[in-house]
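Reading the structure
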Amino acid sequence: MDELDRTSAARSPGGHDDAVKVVVRVRPLLAHESSGNVARVDKRLQTVTISDVDNDVPTINRQRSVAVHTFAFDHAYDAGSTQAEVYETTAQPVVESCLQGYNATMFAYGQTGTGKTYTMDGSEARDPVARGIIPRSVEQIFRHVAGHAQKNVRFLARASCIQIYQEIVSDLLAPPRNGIAPEGTSAVASPLEALAIREDPKRGVYVDGLSEWVVRQPSEVYALMDRASRSRATGATRMNDFSSRSHAVFVVIVEHSETVYVGEDGRELAPDDFAREMRSAGLKRAEALARLENRVKQTFRVGKLNLVDLAGSERVGVSGATGQRLEESKKINASLSALGNVIAALVTRQTSGTTRKHVPYRDSKLTRLLEDSLGGNCRTTMLATISPAAESIAETLSTL
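Residues numbered from 1 in each chain as written. Predicted model: local features only at pLDDT ≥ 70, side-chain atom pairs only at ≥ 80, totals over all residues. Heavy atoms only, no water.

Points about the overall build of the protein
When helices and strands are counted, the protein shows 11 helices and 17 strands. Residue burial in the protein is summarised as follows: out of 400 residues, 48% are buried. Intrachain contacts of the protein at a sequence separation of at least 6 include 70% that bridge at least 24 residues. Per element, the accessible surface of the protein, about 19800 Å² overall, is 50% carbon and sulfur. (Helix = DSSP H or I, 4+ residues; strand = E, 2+ residues; numbered from the N terminus. Buried < 20%, exposed > 50% of the residue type's maximum accessible area, 1.4 Å probe, protein only. Contact = heavy atoms within 4.5 Å. Areas by Shrake-Rupley, 256 points an atom, 1.4 Å probe, with all protein chains shown as cover.)

Quick notes on the pattern of salt bridges
Side chains that differ in charge, positive against negative, can pair when their charged atoms come close. Summed over the entire model, instances satisfying the criterion amount to 10 salt bridges. Where E85 meets K43, a salt bridge forms, and the shortest distance between an N and an O atom there is 2.9 Å. Linking E85 in helix α2 (residues 83-99) with K43 in the loop between β2 (39-42) and β3 (47-51), this pair joins segments that are 42 residues apart in sequence. What makes K43 partly exposed here is its relative accessible area of 31%. Among the salt bridges present, the one from R368 reaches E371, with a minimum N-O distance of 2.5 Å. (Salt bridge = Lys/Arg side-chain N within 4 Å of Asp/Glu carboxyl O.)

Topic: the packing of α2 against helix α4 (residues 133-148)
Between two packed helices, both the angle of their axes relative to each other and the distance between the axes serve to describe the pair. Axis separation between α2 and α4 bottoms out at 10 Å; the angle between their running directions is 50°. In this view, α2 runs oblique relative to α4, as classed from their interaxial angle. For the element pair α2 and α4, the recorded crossing hand is right-handed. Touching Q83, A84, V86, Y87, A91, Q92, V95, E96 and L99 of α2 are I133, R136, S137, Q140, I141 and H144, all from α4. The residue makeup of the contact of α2 with α4, split by class, is 8 nonpolar, 5 polar and 2 charged. (Axes fitted to C-alpha atoms, helices over the stretch in contact; angles between N-to-C directions. Parallel < 35°, antiparallel > 145°, perpendicular 65-115°, else oblique. Left-handed = near helix turned anticlockwise from the far one by under 90°. Nonpolar A, V, L, I, M, F, W, Y, C, P; charged D, E, K, R; others polar.)

A few points about the nonpolar core
Counting residues in each nonpolar core, the largest one holds 47 residues, and the members touching the most others are V48 and I50. For this core, the leading source of residues is helix α9 (residues 323-352), giving 8 residues. Counting residues in each nonpolar core, the second largest holds 40 residues, with V23, Y87, I134 and A248 among its members. (Core = buried A, V, L, I, M, F, W, Y, C linked by side-chain atoms within 4.5 Å.)

Quick look at unusual backbone geometry
For Q46, which is not glycine, the phi torsion reads 60° and is therefore positive. The backbone of E167 sits at a positive phi, close to 65°, despite the residue not being glycine. Along the chain, E167 falls in the loop between β7 (153-165) and β8 (168-171). By relative accessible area, E167 is classed as partly exposed at 22%.

With respect to helix α5 (residues 218-231)
For α5, built from 14 residues, the straight-helix expectation of 20 Å at 1.5 Å per residue is met to within 8% by its first-to-last C-alpha distance of 20 Å. When α5 is considered as a whole, its buried residues turn out to be V221, Y222, L224, M225, A228 and S231. Taken together, the buried residues of α5 touch α3 (116-121), α4, β7, β11 (213-215) and β14 (247-262). (Expected span 1.5 Å × (residues − 1).)

Some remarks on the environment of E220
The residue E220 is located in helix α5 in this model. Distance from E220 to A159, taken between C-alpha atoms, is 9.8 Å for residues 61 residues apart in sequence. Contacts of E220, omitting those with residues within four sequence positions, involve V214 and V215.

Printed below as a string of structure tokens:
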């Protein structure tokens, strides 16, 4: 089976409401990458074609036969695709599903230096052009809240940020145990407390001791993002001067409560009309409370949105990792492999229509943490980022 057949399973037939979607983004060729462009995106067919020679070299000038690999996705974005385009066609439906009460997850996956953090965070949260998926998601959530909040409709938004570094789970928004880390020290050196992942019949899978912050406007979320970014583990490799050495999961929980008031004739009443009717009835307190129980109905809806910036996959021989960086790379690659296995199992379930396929959630802390937001009636979008450079072709093919 060739690549097109094998990966077109990721392109689900049901359209907008499919549980699992896989998309790809090709970043621009960098100035120092002189080996040529080997990636070509067809936006009409939503495919990416990788060839082992520079696509910019005319066919007539090529000296040998070319190995070509074509992959199909739900969406394919080329180097000219904007942050807004990626968000509107890929992330916006995911956020909308969260606002409707679903658990949803979106994550960027790929080689170190291919633009995962740029896609998720952007270069500046407040930059209207360059801001990434996370700040745009926050803005969409608060626009929805502002547009739907009424006397009988209320919203509560909470945010948290989790780091998984070498399979150790910690809270990026909790202060270090001995106070603020000394100036000039890295997040790895700061004493972030290790937290345990637990499961409860009512709460589902959760991180014990994780702080949650009530947020009322986008600026409060941006402040939390800045704080988490300063605490996150990063390090320099040959491929990236500021390589993320951990997975970061930014979680937004949106609670929606609605109170419905019913009149004597069974019709739904506005809050003010219901209050006037109750006052005009002249009922005693006990009688009024009894009527309230029968005529006031409340509904609650809770959506959970996981926005994940994964550490980049690495070929150790290329990244030059040794010592601590080598150990980090081993853990990163193992957890990314486990995530890939989970996504593959979920896609198999979706395309085959069976629930018998085992999903190995417990193979890593990352997949265990996201278990209640992957599969089932949850919405999951995986955004693969790749380099078009010929020198990265092996890692690009591995990612795809």
